[in-house]
Amino acid sequence: MASADTLINAFTTLLVTVDPPGLAPLFIGLTTGMNRAQRHQVALRGSLIAFFILAAFALFGASVLGILGISIGAFRIAGGLLLFWIAFEMVFERRQDRKEKTTEVAITKDHIQNIAVFPLALPLIAGPGAISATILLAGSLQTTFDRAQLILVIAVNLGLVFAALAVSDRLDRMLGSTGRAILTRLLGVILAALAAQFVVDGAKAALKLA
């Protein structure tokens, strides 16, 4: 059974990576012209699709790495560096700009019924950072019950994402531009620390120091 610290670390890592408050204003722009019921439907569908994507990587991500001959230690280092870059973008507000550009392109190219799949589920919710974090976390959980706990953590995080999207208009007004900037930078610093820990753990595993 996974320890409480492990589960808290998993929850925090995924929560910071998917960034529900940061998704809220993008979701508003993505669903411009929709009524509340339509937005609710898009949010639910996108959250469910993202959950199944991350759950699949939690269950089979390590096996895929094994087939490719990539060790968990090496992937922890690579994934930690990727998460650190995401944290860097969050602190300096580059990630939000990139997400907004992705949203604008999708609105012009995709039919509104497909918005829940792209770009909401992929890549805004279950993006490269969230997928990498999921595989990293799953690599430290060996038993079936531990993986089931990780999937439960993923479900809770995606539930929070859905809740944030469902109340996105109110959340955006409540935070304001200043609130979003403060929250994004704070979460970025936390993610940077978690990413550094992934690199340290990966180096220990690769060098068989512990």
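Quick caveat, the model's predicted, so the values are computed rather than measured.

### Describing the packing of aromatic side chains
Under the defined criterion, the tally for this structure stands at three aromatic pairs. The interplanar angle of 20° and the centroid separation of 5.1 Å between the aromatic rings of Trp 85 and Phe 88 together place this pair among those described as stacked. Here Trp 85 pairs with Phe 88, and both are found in helix H4 (residues 72–91), just three residues apart, close to one helical turn. Classification of Phe 88 by relative accessible area gives partly exposed; the value is 28%. Ring centres of Phe 88 and Phe 92 lie 4.7 Å apart, and the angle between their planes is 45°; this geometry places the pair in the tilted category. For Phe 92, a relative accessible area of 51% gives the class exposed. Grouped by ring-pair contacts, the aromatic residues Trp 85, Phe 88 and Phe 92 constitute a single cluster.

### Remarks on the environment of Pro 123
By the element assignment, Pro 123 lies in helix H6 (residues 116–125). Classification of Pro 123 as partly exposed rests on a relative accessible area of 33%. Distance in space between the C-alpha atoms of Pro 123 and Ala 50 is 9.1 Å, their sequence separation being 73 residues.

### Some words on the UniProt feature "transmembrane region" (unreviewed entry) in the protein chain
Mapped onto the present numbering, the UniProt feature "transmembrane region" (unreviewed entry) falls on residues 6–30, 42–68, 74–92, 112–138, 150–168 and 180–200. Regarding residues 74–92, the helix share stands at 95% and the strand share at 0%, and the terminal C-alpha atoms are separated by 27 Å. Helix makes up 100% of residues 180–200 and strand 0%, and the two end C-alpha atoms of the span are 30 Å apart.

Calculation rules
- Residues numbered from 1 in each chain as written.
- Predicted model: local features only at pLDDT ≥ 70, side-chain atom pairs only at ≥ 80, totals over all residues.
- Heavy atoms only, no water.
- Phe/Tyr/Trp six-rings, centres within 6.5 Å; stacked < 30°, edge-to-face > 60°.
- Helix = DSSP H or I, 4+ residues; strand = E, 2+ residues; numbered from the N terminus.
- Buried < 20%, exposed > 50% of the residue type's maximum accessible area, 1.4 Å probe, protein only.
- UniProt positions renumbered as here; feature names shortened; annotations may be inferred.

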